[in-house]
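Each chain, letter by letter, is given below.
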Amino acid sequence: MTTTLEASQAAVAAELDAEYVGVGWWGTLHRAPHRRRWYRLIPVEEIDGDQRSELLAWHTRPRRPELVPVVPGEQGEQRQLGGRWFQVVSYETDAPRSLADALAGRAAAARLASVAGALRALPAWRAALGAELVALPGDIVLSGHGPLLLPLPAWGAPSVGQLFAEPERLAYLAPEAARGLPAGDRDPGLHALGVAALRCFESPPDAGTERLLQRAACAAVFAARPHDSRLPSWTRRVEPVRAAHEQLRNLVTDAGSTDPVRLADALDEARRAMDPLVAVRSLRSAGQPRKAVGLAHAALVDSPGHPLLILAAEIAHQDLRDPLEALSLLERAVQADPGRPEAYAAQLSIIGGLWAVVQGRLAGATDGSFAHRLLTTARTAFDRLPSDLRRDHAHEMALCLIGQGELAEANAFVHRWLHDGTTLMWWRLDLMLDYAETFLLLGRLDEAEQVADQVQAGLRRLRENGQMAQRDIHEHGMRYADLVRDLHHRRGGGAGA
């Protein structure tokens, strides 16, 4: 249902040939983008002759980069619109939206970025207009170069009649002003922007004019109402977000001074932390991997995404040593985006590592059904990898086949991926060792020893030419030593028999 106020605003906007934007500290704001114009409409009874003279003087003031230029009106400085006379202040800018538009947006990070920009600009606006400056979100426009102010002389608060005519202003009114007292230690302009910043975190109350005035006088416009939060629930567990929210609450409820630039820094930090990847990585870096995975699970409810699932799986596997949790997360990642290779590569790495650790004993777990599911997952993951990545992960797939006891298949599989056409890639020592192990497990000891000799020669060549990191050479060397020991054991057992 359209209210009387909304109908009046629509009629004025139609006659002005502009869009209604919202409430300013004085007057209401309208936008006419096709004419590069914004308008402020102030009821003529609200200002006197001296104030009108001040407005006219702005037409010839030197332009400042942080202020939108005030220009003469196309049809005079006073106009009758919607059956009422207004003082029309005309501004020249092609800014597409105001801070009020940004605060109405759904993206919390974008809201915070807009308010932080206004806080950083506040000192320059004060230098241009005076320390008494108060700006509402409707008074600030967002251009491609940052926030700009639609300027007006610092006249103080509008009349009580105007406050009640447009109740939204009451939410930005400093408590002392609502009580008819001097500002004291409170900064009314910073208070108004603090209220704007709080709107990034929570919705303002839906209350009548008198109730809003009472709330403003008590510095409690934004009372604690968790159900009115505008943020995803998981962000309440993120320290920079909680800290910024608490700082804003202190600003609007307690008298005192706050540096607007430092407050903007806190909002920017909170904005960055609202990226779940950033928040989870931060907990991991702080040595809290369990909390990091828990936060990832909470964030996935509101912000499901493939990269977050991959990150959580990595932390579960590498930091928590919980491969089953990691595999569960990776399965969700596969389902979320089957076309991306990261989850498949990670699945192969984890499953291959599981069998490398237990050396095949996993194959008997739970009647082999669990191991069978793992091998099925590994086969699917390998098949879905892009062809140019399969060779890189052939060793992990080979471990899966060997661990499940699919020795003949493993032998043929490794032979295929060890050869590029007719060329044996002897430098792929991981696959060469897999190849020797399959021969050993198949009882084909001569072939196993032949491949082991090639591995020994390869290790010597790579050690001499420096084409492999010493750590990798050491790891392959340890595995080669285990292989030789097993070969000798097999041959010794055969001789004894």
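All values derive from a computational prediction rather than experimental measurement. (Residues numbered from 1 in each chain as written. Predicted model: local features only at pLDDT ≥ 70, side-chain atom pairs only at ≥ 80, totals over all residues. Heavy atoms only, no water.)

Draft legend 1. Seen up close, the pairing of strand E1 (residues 19–23). In this sheet, strand E2 (residues 28–32) lies alongside E1 in antiparallel orientation, the contact comprising 4 bridges. Following the sheet pairing, Val 23 is matched in E2 by Thr 28. Connecting E1 to the next strand, E2, in antiparallel fashion are 4 residues, including Gly 27 with a positive phi near 75°. (Pairing = 2+ DSSP bridges. Helix = DSSP H or I, 4+ residues; strand = E, 2+ residues; numbered from the N terminus.)

Draft legend 2. Quick look at helix H9 (residues 239–253). If you check H9, its first and last C-alpha atoms are 21 Å apart, about what 15 residues at 1.5 Å a residue would give, namely 21 Å. When H9 is considered as a whole, its buried residues turn out to be Val 241, Ala 244, Leu 248, Arg 249, Leu 251 and Val 252. For H9, the arc enclosing every buried residue in end-on projection is 160°, short of the 170-degree limit, so these residues lie on one face. Looking at the buried residues of H9, the elements they touch are helix H6 (175–178), helix H7 (188–201) and helix H10 (260–273). (Expected span 1.5 Å × (residues − 1). Buried < 20%, exposed > 50% of the residue type's maximum accessible area, 1.4 Å probe, protein only. Arc of directions from axis to C-beta. Contact = heavy atoms within 4.5 Å.)

Draft legend 3. Local environment of empty space enclosed by the protein. Scanning the model with the defined rule gives 5 cavities of 30 Å³ or more in all. Of the pockets and cavities examined, the largest cavity occupies roughly 140 Å³. For the lining of the largest cavity, the class distribution of residues is 13 nonpolar, 1 polar and 3 charged. In this structure, the second largest cavity occupies an estimated 70 Å³ of space. Taken together, Ala 171, Leu 173, Pro 175, His 191, Val 195, Ala 216, Ala 219, Ala 220, Val 221, Phe 222 and Val 252 form the lining of the second largest cavity. Among the residues making up the lining of the second largest cavity, the classes are represented as 10 nonpolar, 1 polar and no charged. (1 Å grid on protein atoms, 1.4 Å probe; cavity = no way out; pocket = protein on both sides within 12 Å on 5 of 7 lines; lining within 4 Å. Points joined across faces, edges and corners; volume = space filled by probe spheres on them. Nonpolar A, V, L, I, M, F, W, Y, C, P; charged D, E, K, R; others polar.)

Draft legend 4. Looking closely at the packing of aromatic side chains. Taken as a whole, this structure holds 6 aromatic pairs when the rule is applied. Centroid distance Phe 382 to Phe 413: 5.3 Å. Interplanar angle 65°. Geometry classified as edge-to-face. Remark: Phe 413 occurs in helix H19 (residues 407–418) and Phe 382 occurs in helix H16 (residues 369–384); sequence separation between them is 31 residues. Of the two residues examined, Phe 382 and Phe 413, each falls in the buried class. Ring centres 4.7 Å apart and planes at 55° place the aromatic pair Tyr 435 and Phe 439 in the tilted group. (Phe/Tyr/Trp six-rings, centres within 6.5 Å; stacked < 30°, edge-to-face > 60°.)

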